[in-house]
Amino acid sequence: MFSYYLRLAWISILRHWGLSLLMVCAIGLGIGTAMTTVTVNYLMSANPIPEKSQQLYYVQLDSWDVNDPFDDGLNPPDQLTYTDSSNLMRAKQAFRQNVQAQAFGVIEPADPEMLPLIVNGRANTADFFSMFNVPFIYGSGWSSQSDESKEFVVVLSKATNDKLFGGKDSVGESIKLEGNMFRIVGVIDTWQPKPRFYDITTGAFNDSEDIFVPFHLIADEKISRSGNTNCWKPTGDGFKAFLASECIWTQFWVELKTQQDKEDYLQFLNAYVEEQKQFGRFQRPMDNRLSNVMQWLETQEVVADDAQMMMAMSFMFLIVCLLNTVGLLLAKFLGKAPEIGLRQALGASKSTLFSQYIIESACIGLLGGILGLILAYLGLKGVEGLYGDYMKGLASLDTNMAILAVVLALISTILAGLYPTWRACNIQPAQQLKSQ
Amino acid sequence: MLETGLILRALARNKIGALLIALQIALTMTIMVNAIFMIQDRQQQMQRESGLDEANTFYLTNTIFGQNYNIQAHLQTDLHMIRNTPGVVDAIQINAVPLSGSGWSMALQHESGEDKDAVGSAIYMVDDHAINSMGLELIAGANFKQADIELRKDGQSTWPAKTIITKAFAENLYPGDWQSAIGKTVYISQTQPMQIIGVVKALQAPWNGWNGVERSMLVPFQREAKGSYYFIRTEAGRRDELMPIIEKALAQSDKERIIRRVTTVEETRERSYLQQNATNKILTTVVITLTLITGFGIVGLAIFGINSRTKQIGTRRALGATKGQIMRYFMMENFIISTFGIVIGCVGAVALNMWLVNNFNLSPISVELVAFGVVTLFIVGQLAVLYPARKASMIAPAIATRTV
């Protein structure tokens, strides 16, 4: 019977092609718009490291001005002072810990023919690579010993290695960076977490860095730091004074394996702040926080307001399209009243009619869904074109989304078809036959 | 209208069809009004004046990597060379570029001391050529003199004795009487005094999303830093021709630095508002498509309504109704349905706006905008029903005599 109903549906769709086309277009546009915004939101709020996002914690301490609290007192500062992150680093109370900041430098290639190269860098400590599951093609990250003995080591991104060494295994070679020779210990495979969760202070959707160097180089002024710096107290003259100041510019992550570890670490932080209070620092009420990856992305509002507003609007748009479809289906099915009456008189049961018209609605929904998928694809291309770098890699339709689009189209059209179908099934045959 | 009662009774018999159209109109109204509001909000942001002579200015980054590089000497040579290039009006070294997204900010306070209220401002470290190079308009006080310019070492924490601020900043510091700012002493870094010697009409901060974007100050510093910008203004219309010339001249003058990112201020503005622009384009498309869908929905349902009432229409025509009366009937019917939808739509628009205000920090919509939505949707409704109504009026009276 199913194929028979399908054929009937097809005939009916073709007969009223104008009305059907209108419905398919309406559903297609609704689904296309909704899926475009859903995809953007879904990718913006994706978990960038699902395998261990529960074990990685971002540390916040409230070191700010007692008269003028950071973020109006709603949240503690989003970064730590150099003093605090160095102290936490030395205490080694977590399973793994990493202090980091953004840096930059100029590489002078050995080949005099090549032009010097400005690179974006990350200054971090040894655990960075294992904490964030950074994939390597050659070599590996440096060891904690390298941090302690202040070695000049560097990890290159794949792109930088391609540029400088034509993609070959460069581990063991040296590069001249900011006038000093650095030994290459590893080359990272293509790695671009979206969002770039490990540092969202300079843009959650920025590219990952060209090089990675030990954090101690910043303190020794062997590499220049960049990124955001916030100060509430005057600093003294010179870099040493800056390091000792209350300026925040470092980020601190810890890896903790269990809930118990987390509680212990929080206790450790509280004790640390208590101790610092005795030196006259941390005059605000105690507000230390440990946020796991998703909590951190949430508090930092990584998903743009625009994207959320557009998603809300696109769903309202979808509802308009569905209301439209309900109206048009109603018009279509009621227009067939004489036919329905006749079929009922000839013995068609209500359930037969019901399945037939639901199948017809589903067919329209399916066509609408396919159109919607095409429109969503074009929509995402458009979004990518309009927003440029900001949306790069955020606007792509994966299989999950494609399936969701078609399913959403089917279900919503069937729902939209329920009332018209119900009305069609309740047509009085006698009434219709009388007027024949 | 005689027909109103008739139409209302007819509508009451076919509630669902009318209700569906009314709901569509209501939702369209809700979305349309709020989307247009969001578009206007962004447009206003984008239209704020940067204060710069945008059409004739560009900048580039100068990154020094040489080990024993005489930054101070090279800076003077560079500036001398650029300023003397034919077609160049003036040039400066600067630490940040308006609207570029990255810069330096400090807070100023009226009194010296630790726990005093302070107002944040963007800092531009420049010399006495800044007003001319950026195309700023000095509306009160005086420019820096050459003797005011100090050399700033990396990591230096003291500030010079003079500053020029924007009018918006002056208004913020001295509400109601910005002109009184001239000659006043303010404190930077909590305790260091600075005298306000001039006020410029406008100069935006590097961050367009910051609520203090109109607050900026010029500080007479030349920086001895390894990375800085040169900001250059050319004679009208000569910018594009001079950009490569200056880039080349600087790049070739010595090999211990990298000249990069030669960028026009216009490009910077465009990049700065890329997101706003993109969102506006998308919202515009949504509003237009939505209106079209609703319009076509009305057409479809009206045609259906007319088809199922062919006989009635024929009968009315046979009984003497004119074509105009038939048309008027359907237009009136649509008007009643639209009114119903629009009333709900007004409520919806305000409700959605309240939600947006609460969740996304937007301001409330204006009455004019709601009125605009009302008028637009009445027009769309009437236009959409025009074709079906005309079709209805063409129905021949003879139809009444036929059975089906």
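What counts, and at which threshold
Residues numbered from 1 in each chain as written. Chains lettered and ligands numbered in written order. Predicted model: local features only at pLDDT ≥ 70, side-chain atom pairs only at ≥ 80, totals over all residues. Heavy atoms only, no water. Contact = heavy atoms within 4.5 Å. Buried area = accessible area lost by both parts, 1.4 Å probe. Salt bridge = Lys/Arg side-chain N within 4 Å of Asp/Glu carboxyl O. Polar contact = N/O pair within 3.5 Å; in protein donor to acceptor, adjacent residues only side chain to side chain. Helix = DSSP H or I, 4+ residues; strand = E, 2+ residues; numbered from the N terminus. Phe/Tyr/Trp six-rings, centres within 6.5 Å; stacked < 30°, edge-to-face > 60°. Buried < 20%, exposed > 50% of the residue type's maximum accessible area, 1.4 Å probe, protein only. Patch = residues over 30% accessible without salt bridge, like charges linked within 9 Å, V, L, I, M, F, W, Y side chains within 5 Å. Areas by Shrake-Rupley, 256 points an atom, 1.4 Å probe, with all protein chains shown as cover. Lys, Arg positive; Asp, Glu negative; His and termini not counted. Charge placed at Lys NZ, Arg CZ, Asp CG, Glu CD.

Draft legend 1. Highlighting the interface of chain B and chain A. With 49 residues of chain B at the contact, the number on the chain A side is 48 residues. Taken together, both faces of the contact between chain B and chain A bury some 4200 Å²; the carbon and sulfur share is 75%. Where chain B packs against chain A, one counts one salt bridge. Note that R42(B) and D306(A) form a salt bridge whose closest N and O atoms lie 2.5 Å from each other. Connecting chain B to chain A are eight residue pairs in polar contact (both at pLDDT 80 or more). Those elements giving two or more residues to the side of chain B that touches chain A turn out to be α2 (15-47), β12 (257-264), α8 (274-308) and α10 (323-360) of chain B.

Draft legend 2. Fine view of the environment of M391(A). All names here are of chain A. With respect to the element layout, M391 can be found in the loop between α13 (350-387) and α14 (399-425). Sequence separation between M391 and A424 is 33 residues, and the spatial gap between their C-alpha atoms is 47 Å. Once you skip the residues sitting within four places of it in the chain, M391 turns out to touch V40, M44, V383 and E384.

Draft legend 3. Region of the structure containing the packing of aromatic side chains. Residues and elements named next belong to chain A. Across all of its chains, the model carries 35 aromatic pairs over all chains by this definition. Between Y4 and Y5 the ring centres are 6.0 Å apart and the planes differ by 45°, which places this aromatic pair in the tilted class. By relative accessible area, which is 35% here, Y4 ends up partly exposed. Residue class for Y5 comes out buried when judged on its relative accessible area of 7%. Here the aromatic rings of F333 and Y357 are separated by 4.6 Å at their centres, their planes lie at 55°, and the arrangement is tilted. On the criterion of sequence distance, the pair formed by F333 in helix α11 (residues 305-335) and Y357 in helix α13 is long-range, its members being 24 residues apart.

Draft legend 4. Representation of the pattern of salt bridges. The final tally for this structure, using the stated rule, is 31 salt bridges over all chains. Linked through salt bridges whose partners overlap, the residues forming this network are R122(A), R196(A), D199(A) and E209(A).

Draft legend 5. Region of the structure containing a negative patch on the surface. On the surface, D68(A), D71(A), D72(A), E298(A), E301(A), D305(A) and D117(B) cluster together into a negatively charged patch. Within the secondary structure, D305(A) sits in helix α11. Relative accessible area serves as the criterion here: at 33%, D305(A) is assigned to the partly exposed category.

Function cannot be read off these values alone, since they describe shape.
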